[in-house]
Amino acid sequence: MEITRPESRQPIPPEAKKVFSGVLIDIYQWDQKVFDGTFKVFEKAKRKDAVSIIAVTENGKIILAHQEQPGRDPFTSTIGGGIDNGEDPLTAAKRELLEETGYEASEWVLYYAVQPNSKIDWAIYGFVAKGCHKVTDQALDGAEKIEMLFLDFDEFTEFAVREDFIDTQLKMKLLEARANSPKMEQVKQLLFGG
């Protein structure tokens, strides 16, 4: 599967200087000529890209993750996480699925690839993992607790638009599909079709 990284709506120019290196986020600044001919300091954050996986089991259940992490309220999301250095998005998605659920998939489909914010250089790759089957136990890191939820399609579409569901890109796609029956059928086909 060939995957192209989506372009940022405001790329960091080559002359930008990294002014802060964090664990998760780096900050870049540059002098930008503006419309009146003067220069202003522009700034943009950069973080490692991420994957989000809609995992569909062999018996047609969709796996979501109810998570707890230190310092934040519990939330629900798809399976996913950051792409490690040198890792391609599909490899990261397979690793995250295995670590967070103990499942592997027989088929992978790229659903979307976006950069959701013009002030952060950060791509999110949304995958559908079909034919998921358990092969091992979860291998969670020390900063996460994950309870897996197994939902049918209707439960999934209701759950994914709740306030505590944090996958904004997927939430927007499902809200759009709820308002348009043919789009909802396309989502069903994506998840369950051959």
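From a predicted model like this one, the values you see are computed outputs, not experimental measurements.

Conventions and cut-offs
- Residues numbered from 1 in each chain as written.
- Predicted model: local features only at pLDDT ≥ 70, side-chain atom pairs only at ≥ 80, totals over all residues.
- Heavy atoms only, no water.
- Helix = DSSP H or I, 4+ residues; strand = E, 2+ residues; numbered from the N terminus.
- Buried < 20%, exposed > 50% of the residue type's maximum accessible area, 1.4 Å probe, protein only.
- Contact = heavy atoms within 4.5 Å.
- Lys, Arg positive; Asp, Glu negative; His and termini not counted.
- Charge placed at Lys NZ, Arg CZ, Asp CG, Glu CD.
- Patch = residues over 30% accessible without salt bridge, like charges linked within 9 Å, V, L, I, M, F, W, Y side chains within 5 Å.
- Areas by Shrake-Rupley, 256 points an atom, 1.4 Å probe, with all protein chains shown as cover.
- Salt bridge = Lys/Arg side-chain N within 4 Å of Asp/Glu carboxyl O.
- Core = buried A, V, L, I, M, F, W, Y, C linked by side-chain atoms within 4.5 Å.

Caption draft 1: Spatial organisation of the overall build of the protein. Within the protein one finds 4 helices and 12 strands. Evaluated residue by residue, the protein yields a buried proportion of 42% over its 194 residues. Partitioning the contacts of the protein with sequence separation of at least 6, the portion at a separation of at least 24 is 61%. Here the protein carries 24 positive and 33 negative side-chain charges, and the mean point of each set is 6 Å from the other.

Caption draft 2: Looking closely at a nonpolar patch on the surface. A surface patch of nonpolar side chains, amounting to about 330 Å² of accessible area, comprises Val23, Leu24 and Ile25. Residue position: Leu24 is located in the loop between strand E1 (17–21) and strand E2 (25–33).

Caption draft 3: Main features of the nonpolar core. Ranked by internal contacts, the top residues of the largest apolar core, which has 23 residues, are Ile54, Ile62, Leu64, Phe153, Phe156, Leu170 and Leu191. Mapped by element, the contributors of at least two residues to this core are strand E4 (50–57), strand E5 (62–68), strand E11 (124–134), strand E12 (145–151), helix H2 (153–159), helix H3 (168–178) and helix H4 (181–192). The leading source of residues in this core is H4, at 4 residues. The contact partners of Leu64, leaving out residues within four places of it in the chain, are Thr76, Ser77, Thr78, Ile79, Glu147, Met148, Leu149, Leu151, Phe156, Phe159 and Phe165. Core analysis: the second largest hydrophobic core is formed by 21 residues, Leu90, Ala93, Ala123 and Met148 among them.

Caption draft 4: Here's a closer look at the environment of Leu97. Note that Leu97 resides in helix H1 (residues 89–101). In this structure Leu97 comes out as buried when scored by relative accessible area, which is 0%. Put simply, Leu97 and Ala129 are 32 residues apart on the chain and 8.7 Å apart in space, counted from C-alpha to C-alpha. Leu97 has contacts with Ile53, Ala55, Ile79, Gly102, Tyr103, Glu104, Ala105, Trp108, Ala129 and Cys132, leaving out every residue within four places of it along the chain.

These figures come from the coordinates and say nothing about function on their own.
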